[in-house]
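# Fold and contact review
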Amino acid sequence: MVTDIMMPDMNGLELAKQTRDVSPHTMRIILSGSSQVAAIIDAINEGHVYKYIVKPWKIDADAIAMLEEAI
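Source: prediction; values computed, not measured.

How each quantity is defined
Residues numbered from 1 in each chain as written. Predicted model: local features only at pLDDT ≥ 70, side-chain atom pairs only at ≥ 80, totals over all residues. Heavy atoms only, no water. Helix = DSSP H or I, 4+ residues; strand = E, 2+ residues; numbered from the N terminus. Buried < 20%, exposed > 50% of the residue type's maximum accessible area, 1.4 Å probe, protein only. Arc of directions from axis to C-beta. Contact = heavy atoms within 4.5 Å. Polar contact = N/O pair within 3.5 Å; in protein donor to acceptor, adjacent residues only side chain to side chain. Pairing = 2+ DSSP bridges. Axes fitted to C-alpha atoms, helices over the stretch in contact; angles between N-to-C directions. Core = buried A, V, L, I, M, F, W, Y, C linked by side-chain atoms within 4.5 Å.

## A look at unusual backbone geometry
Peptide bonds are, in most cases, trans, and in most cases residues other than glycine have a negative phi. Cis geometry is found at the peptide bond from Lys55 to Pro56, where omega equals 0°. The topology assignment puts Pro56 in the loop between strand S3 (51-54) and helix H3 (61-70).

## Here we look at helix H1 (residues 12-22)
When we look at burial in H1, the residues that qualify are Gly12, Leu13, Ala16 and Thr19. Take H1 and look down its axis: the buried residues cluster within an arc of 120°, on one side only. With respect to the buried face of H1, the exposed residues turned more than 90 degrees away are Asp21 and Val22. Those residues of H1 hidden inside the fold are in contact with strand S1 (2-4), strand S2 (29-32) and helix H2 (37-45). Its side-chain oxygen 2.8 Å from the backbone nitrogen of Leu13, Asn11 forms the N-cap of H1.

## Quick word on the sheet that holds S1
Taking strand neighbours across the sheet as the criterion, the three strands line up as S1-S2-S3 in an open arrangement whose pairing is parallel. Whereas interior strands pair on both sides, the edge strands pair on one side only; in this sheet they are S1 and S3. Averaged over all adjacent pairs, the angle separating strand axes in this sheet is 25°, with direction ignored. Relative to S2, S1 is paired through three bridges, and the arrangement is parallel. When the sheet's bridge partners are listed, Val2 is paired in S2 with Ile29. On top of the sheet, H3 reaches S1, S2 and S3; it is set at about 145° to S2, its chief contact.

## As for the nonpolar core
The tendency in soluble globular proteins is for nonpolar side chains to be buried as a group. The biggest cluster of nonpolar side chains holds seven residues, and these are Ile5, Leu13, Ala16, Ile30, Ile40, Ala43 and Val49. Looking at this core, the elements with two or more residues in it are H1 and H2. Ignoring any residue separated from it by four or fewer positions in sequence, one finds Ala16 in contact with Met1, Arg28, Ile30, His48 and Val49. With five residues, the next largest nonpolar core counts Ile29, Ile53, Met66 and Ala70 among its residues.

So far we have only geometry, and geometry alone does not tell us how the molecule works.
Written out as structure tokens, the structure reads:
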């Protein structure tokens, strides 16, 4: 699952947490252009997020390799 941290009704960190509860084997990747670094680090440490990517995100060979690894 790839989601932005800032969404209209729920932030991406909460979505990642809920996704983990329902589907623990789903890889959760957060995109963010914001500075909520502490919250993101907590989410990673608690196992809610597999990767954190800073926007803008350039889809290059490294990004594709990371997505393939997640799948």
